[in-house]
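A closer look at the structure
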Amino acid sequence: MTMEQTPHPYLFFDEETDTIILSPESKEVTPKQLSFQKFLKKYTGYEDELIAVYRQSILNANEQQAYNLKPKLAELQRYKDNVLRQVRHLLLLFSDKQFKCNFPLYRQIFNAFVTGELEQVNQLLMSPKSLKQIKNPTHIAGFLILKAHFLVTNEQFDQAEACFRSAIKHHERYQYLMYYVEYLSSASSVLRHPKQKECSEEEIIPWCLRAMALAETDEQKFKSMEKASFLYSFCEAPVYRQAEFQLYHHQMKYYKKLVAQDAGKYRAYLAECYEYLGNWYREAKHYNTALLFFQKAMEINKGLAVENAGRFLPRMIYNLHCIGHLYRDWNNIPEEERYRVALSYYKKGLTISRQLAEQLPRKHNYALLTILWNLESFGFSTNHNETIENIYLNEWYHYQTLKKKNPGHPHAKRYATELYESLAMFYKNNQQADKAVKIYETLALDEPHKYMHELIYCLNEEAHQTRIIKIYEELAKYNPKDYDMRLSQYLKSAGLSLILNGEDRQTCLKGVAYINRSAKIAQSYPQLPQKLYEIQADQYLFKSIKLLRPQYYQLLVPVNMYE
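The following paragraphs examine the structure supplied in this document.

Cut-offs applied
- Residues numbered from 1 in each chain as written.
- Predicted model: local features only at pLDDT ≥ 70, side-chain atom pairs only at ≥ 80, totals over all residues.
- Heavy atoms only, no water.
- Pairing = 2+ DSSP bridges.
- Helix = DSSP H or I, 4+ residues; strand = E, 2+ residues; numbered from the N terminus.
- Axes fitted to C-alpha atoms, helices over the stretch in contact; angles between N-to-C directions.
- Contact = heavy atoms within 4.5 Å.
- Phe/Tyr/Trp six-rings, centres within 6.5 Å; stacked < 30°, edge-to-face > 60°.
- Buried < 20%, exposed > 50% of the residue type's maximum accessible area, 1.4 Å probe, protein only.

Strand order across the open sheet formed by 3 strands is 1-2-3, with antiparallel pairing between neighbours. Of all strands in the sheet, those with a lone pairing partner are strand 1 (11-14) and strand 3 (32-35), marking the two edges. For this sheet the average axis-to-axis angle between neighbouring strands, irrespective of direction, equals 15°. Bridge count for strand 2 (residues 19-22) against strand 3 is 4 bridges, and the pairing is antiparallel. Residue pairing for strand 3: Leu-22 is matched across the bridge by Lys-32. Against the sheet, helix 2 (residues 63-94) engages strand 1 and strand 2, with an angle of about 120° to strand 1.

Moving on, we come to the pairing of strand 2. Both strand 1 and strand 2 contribute to a ladder of 4 bridges, which runs antiparallel. Note on strand 2: the bridge partner recorded for Asp-14 is Thr-19.

Taken as a whole and assessed by the stated rule, the structure comprises 38 aromatic pairs. Ring centres of Phe-222 and Tyr-255 lie 5.5 Å apart, and the angle between their planes is 40°; on these two criteria the pair is classed as tilted. Remark: Tyr-255 occurs in helix 11 (residues 238-261) and Phe-222 occurs in helix 10 (residues 218-232); sequence separation between them is 33 residues. Take Phe-222: its relative accessible area is 5%, and that puts it in the buried class.

Have a look at this one:
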């Protein structure tokens, strides 16, 4: 959840660097700074030790012992992930400058949280007695917002929604409405939890517009407008597209008046309005008008960057990306010309990104990643592919050199890695899987458990089936929570294919062994429904085996067990 943050009198969590600052009530005591992982140790120190023991045991175990140990490790990992989600969520809320609470029960909950007593936090929030001891409606609303977030992390979505609505009823204010909008947005996305009721963007927009009406600052107004823009982008009906335009146009006229009074304070907001209008016109295929608005935004940001490069150079880079994206889509310009112009703007953005990384190393450049994401799916011809490949390699070499020249640079390593990853995706999208494989193999030398998974999707399944299985096996030893079931699914899928397409008995028996092993892995997780893996495998394939290869069908464990 995105939240506006500032140093709280007691707590500040910088999500970008995973750094936590704890400030005691006394101003005479120096604030304590620690990493999120170190803070998390208060909650999961015992589980971390057990996880390390289980991983070592699995490495030394035989096959049957591994079947018994991996579900226990997976359960520990699930528990730790739940705690991590709760702690991160509460950290963001407690360090949100707009979540202001100061009453005895709140301080009690906060103190329990920072000392690692998550169970006490749970008791204080969930006890029916807690709400009864609060009389002030503003305090009641703050408590309910805190409880709603905690319920979300515990996947109690109906109760969470009731708390959000009750909080707004007690104290209707901008931030509480925006918390509710963020919650509803998670119910409208592909990441929606199965237990969460689905919610459409059309249902969420009125809540977002109500938050905008209650905004007390320009920053709040822009955050709610940004959210409304995101929601409108999923609404196909023309009435919503027109409402989105009216929203941007009204805000542009509003900030034009304010700029005339105080240009220094309001030019940045006007530039963002121009960006929104530029994107709206691009999507509506009014390319000339879109270009005009992007150029206006860039002109303002260029002037502002002279005084505050850290804030406004990324905006300039983003504007260059927008113009590049615009030319890429401009379908009434000949393809060669529009792609050439688009790439020239991306190159300008990358050049300024280098300048930013060298002159202001501590400033994170989000706009660089936006350009990389667009380049990944850009190529359509050999000439363009070669140009883009050279862009990637030149930028990667630059940040690799910067990393060696300045080992303490906070972002150089990340940028170099992001470039390399993005180049791999570009190769993959343009049917150059062999090149993508080499990159992921190189990246996996440093972070095997992160990049071996990506490697699987670049390998030719027919030629590398045995290697893919070995990669899944290695990943499942370290992280059975995420990979044991994937290994099971892959074995089942490969086994079905071998039995149906195998031309000799040895190949078909190999397929039988794969499926039976897949079933054994699934059976080691008794909480799963018994028929889950047979159903997911595709019942038609099992029926085909029964009809076409009955002698092998009789050897399949899932069939003998479940039918």
